[in-house]
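Residue-level listing of the chains:
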Amino acid sequence: MSILLRVAELNAAYAATIDTDRLESWPDFFVEDCLYKITSADNHKRGHSAGVV
Amino acid sequence: LRVTTLHGLVFGTFSDETPAIENFIGPEVLARFDRILGGRKIEIIGRFVEVLPNNWKMYAENARDSYHASLLHLFFATFKLNRLSQGGGLVVSPNGGCSVSETLAPTQADDEAYAGMRSVDEDYKLKDMRLMDVVDEHPDRIRHQIVTVFPNFVLQKTQNAMAIRFFTPNAVDRTHLEWIYFGYADDTPEMRKRRLRHLNLGGPAGFVSMEDGCVGGFVERGIATAEAESAIVGMGGGGVESQATRATEAAVRGFWSLWRRMTGL
């Protein structure tokens, strides 16, 4: 499977876990040592370090 | 259009009668601009737009309502970042339209005043306490400072995160809220990282700001069903003066009194 499809599948599973209120399983989507970052294309383009998360 | 700058921030007015910005906001509000921006070179570290499903004036109220922070925001109250039992106060500018809400660092280890409050859950713990790892950058123990300027501007410092917010009406029931996060140009890498961590409290997905982003929509939907009705709750009277407590709606009333003087409504 291409990386794009695998990422899409991960995103879908992540969202479905929240949508179906299986919140106890939600932390399993994260590894112990990670940096979780959400930003916008605009901030990325400007080289701004602050993300939405 | 006349424009002027204050510590590099650009303010504009279409009126010939608007006084100089320093007089418009008054000396006490000006002092809080100086506290954060005076003599410092700032650096923008990110910006976002958030769409609010409510009239712009509800957000203007939200920024001035120093009473709601520890009642609505579970994160603030639970982790003792902002409780009314902490020291602090509210400043309202002479024209009513500008304000400062300040919260001091907590002093009591065990605060009983909030026991049983809906916005407090003692069972909640953070795995990564670096979110609370605040460093006092000013010698005044103020941990949380929200400055508003009539009609649509906010300057804030929460823990070590600093931001400017401004909002514009997009429709009667729709508002665009812009966030600009900034640090100081001479931040150490550690301080910059700390600011980025503390920014998780604000913004469209912030542990605290998320609630401000939807609560205006609740009110908007509520009042839509009662167009012909009116109700006023005058908490603590009708004054618009500065107070040594944040359990007050004086800044909200100040906003509306200036708005009424300007619009003649």
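The structure this text deals with has already been given above.
Once a new chain begins, its residue numbering starts again from 1 and follows that chain's sequence as written. Each chain takes a letter, starting from A, and each ligand takes a number, starting from 1, following the order in which they are written. It should be noted that, the model being predicted, local features are given only for residues of pLDDT at least 70 and side-chain atom pairs only at 80 or more, the latter also being counted only at that level, while totals for whole chains, interfaces and linings use all residues. Calculation of side-chain values draws on the structure's entire complement of heavy atoms; hydrogens and water are dropped beforehand.

Novice: Explanation requested: empty space enclosed by the protein in the structure shown.
Specialist: Left-over empty space is what a probe sized like a water molecule reveals as it rolls over the atoms. All names here are of chain B. Within this scheme a cavity is a closed region of a 1 Å grid, computed over the protein atoms alone, that accommodates a 1.4 Å probe without allowing it to escape, whereas a pocket is open but has protein on both sides within 12 Å along at least five of seven lines; lining residues each have an atom within 4 Å of a point. Grid points are joined across faces, edges and corners, and a volume is the space filled by probe spheres set on the points. Taken as a whole, this structure holds two cavities of 30 Å³ or more when the rule is applied. Approximately 330 Å³ is the volume attributed to the largest cavity. In this structure, the largest cavity is lined by 30 residues; those nearest its centre are Phe76, His144, Ile146, Arg165 and Asp212. For helices the rule is a DSSP run of H or I covering at least 4 residues; for strands it is a run of E covering at least 2, with both sets numbered from the N terminus onward. Within the residue set of the lining of the largest cavity, elements represented by two or more residues are α2 (56–64), β6 (142–149), β7 (153–158), β8 (161–171), β9 (174–184) and α6 (209–224). Residue classes follow a fixed rule: Ala, Val, Leu, Ile, Met, Phe, Trp, Tyr, Cys and Pro count as nonpolar, while Asp, Glu, Lys and Arg count as charged, and any other residue, Gly among them, counts as polar. Across the lining of the largest cavity, the residue classes break down as 13 nonpolar, twelve polar and five charged. Considering only enclosed or pocket space, the second largest cavity measures out at about 40 Å³ in volume. Lining the second largest cavity are Arg35, Val134, Val135, Asp136, Glu137, His138, Ile142, Arg143, Lys157, Gln159 and Asn160.

Novice: Is there a simple way to think about the pattern of salt bridges in this case?
Specialist: Side chains that differ in charge, positive against negative, can pair when their charged atoms come close. The term salt bridge refers to a side-chain nitrogen of Lys or Arg lying within 4 Å of a carboxyl oxygen of Asp or Glu. Summed over all chains, the structure comprises 14 salt bridges over all chains. Salt-bridge contacts for arginine 46 of chain A lead to aspartate 42 of chain A; the nearest nitrogen and oxygen are separated by 3.1 Å. Remark: aspartate 42 of chain A and arginine 46 of chain A occur in helix α2 (residues 41–46); sequence separation between them is four residues, near one turn of the helix. Each residue is assigned to one of three classes by its accessible area relative to the maximum for its type, calculated with a 1.4 Å probe on protein chains only: buried under 20%, partly exposed between the two thresholds, exposed over 50%. Judged by its relative accessible area of 31%, aspartate 42 of chain A is partly exposed. In this structure, arginine 32 of chain B and glutamate 102 of chain B form a salt bridge, with 2.7 Å as the shortest nitrogen-oxygen distance. Within this pair, whereas arginine 32 of chain B is found in helix α1 (residues 21–37), its partner glutamate 102 of chain B is found in strand β5 (residues 99–104), the two being separated by 70 residues in sequence. We note that arginine 32 of chain B, like glutamate 102 of chain B, is buried.

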